[in-house]
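Now for the letters of each chain:
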Amino acid sequence: MPSPLKPLERTALLTAFGAPTRTLKRTRGGFVSSTAPAKVFSRRVMNWLDERCLIDFDDRMFPTVATLTKLGVQQAEALIAKARAQAGAV
């Protein structure tokens, strides 16, 4: 059984899920979404998601884009469904 996502991993995953192309682009400060430029994620956080196979980098050595995988999309949808159920909005 995999360990639960860390808070930063959850935030990065949901931020990528909310992006129009399900991607985070690398900038000078870190990885960001075009829809939420204030949320910046370090390479370390992105590596955590990569180790869990939730994202794919466009280049292993010097990534400029991190895209959600099918598993990443499923995980994000599960997190959203769980939050809705807890809020009673099922």
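Above: the structure in question.
The structure displayed is predicted, hence computed values, not measured ones. Residue positions are given per chain, counting from 1 as you read along its sequence in written order. The predicted nature of this model means local features are confined to residues of pLDDT at least 70 and side-chain atom pairs, given and counted, to a pLDDT of 80 or more, with totals for whole chains, interfaces and linings taken over all residues. Neither water nor hydrogens contribute to the side-chain values; these are computed over all heavy atoms in the structure.

### With respect to the sheet that holds strand β2 (residues 31-32)
Here's step 1: By the convention used here, strands pair only if DSSP detects at least 2 bridges between them. Here a helix means four or more residues in a row that DSSP labels H or I, a strand means two or more in a row labelled E, and each is numbered from the N terminus. Ordered in space as β2-β1-β4-β3, the four strands form an open sheet in which the pairing is antiparallel. Of all strands in the sheet, those with a lone pairing partner are β2 and β3 (55-57), marking the two edges.
Here's step 2: Here strand β1 (residues 23-26) runs beside strand β4 (residues 65-68); their pairing, made up of three bridges, is antiparallel. Across the sheet, residue Thr-23 finds its bridge partner in β4, namely Thr-67.
Here's step 3: Only heavy atoms enter the contact rule, under which two residues are in contact if any of them lie within 4.5 Å. The angle between two axes is taken between their N-to-C directions and runs from 0 to 180 degrees, where each axis is a line fitted to C-alpha atoms and a helix contributes only its stretch in contact. Contacts between helix α1 (residues 7-18) and the sheet are confined to β1 and β4, with β1 contributing the most and set at about 105° to the helix.

### Remarks on the nonpolar core
Here's step 1: Judged by nonpolar contacts, the single largest core of 18 residues is most densely connected at Leu-13, Met-46 and Ile-55.
Here's step 2: Secondary structure elements with two or more residues in this core: α1, α2 (43-51), β3, β4 and α3 (70-87).
Here's step 3: A total of four residues in this core trace back to one element, the largest contributor, which is α1.
Here's step 4: The contacts of Ile-55, once residues within four sequence positions are left out, are Met-46, Leu-49, Asp-50, Ala-66, Thr-67, Leu-68 and Thr-69. Definition of nonpolar core: a set of buried residues of the types Ala, Val, Leu, Ile, Met, Phe, Trp, Tyr and Cys, connected through side-chain atoms within 4.5 Å. Only protein chains enter the accessibility calculation, which uses a 1.4 Å probe; a residue whose area is less than 20% of its type maximum is buried, one above 50% is exposed, and one in between is partly exposed.

### Description of the packing of aromatic side chains
Here's step 1: The rule is short: rings of Phe, Tyr and Trp, with Trp giving its six-membered ring, pair when the centres are within 6.5 Å, and they are stacked under 30 degrees, edge-to-face over 60, tilted in between. The full count for this structure, using the stated rule, is one aromatic pair.
Here's step 2: As a reminder, the over-ring test applies to NZ of lysine and CZ of arginine, requiring each to be within 6 Å of the ring centre and within 35 degrees of the ring normal. Sitting over the face of the ring of Phe-17, Arg-22 holds its NZ or CZ atom 4.1 Å from the ring centroid.

### Looking at α3
Here's step 1: If you check α3, its first and last C-alpha atoms are 26 Å apart, about what 18 residues at 1.5 Å a residue would give, namely 26 Å.
Here's step 2: Residues of α3 that are buried include every one of Gly-72, Ala-76 and Leu-79, and no others. Along the axis of α3, the buried residues cluster in a sector spanning 60°; they form a single face. Every exposed residue of α3 that faces more than 90 degrees away from the buried side is listed here: Lys-70, Lys-82 and Arg-84.
Here's step 3: Lining the buried residues of α3 we find α1 and β4.
Here's step 4: Phi for Gly-88, located one or two positions after α3, is positive at around 80°. Multiply 1.5 Å by the residue count of a helix minus one, and that product is the helix's expected span. Directions from the helix axis toward the C-beta atoms define the arc.

### Regarding the pairing of β4
Here's step 1: Taking every second residue as pointing to the same face, the buried face of β4 carries Ala-66 and Leu-68, while none of Val-65 and Thr-67 on the other face is buried.
Here's step 2: Judged from the three bridges that link them, β3 and β4 form a sheet pairing that is antiparallel. Each residue of the ladder has a partner; that of Phe-57, found in β4, is Ala-66.

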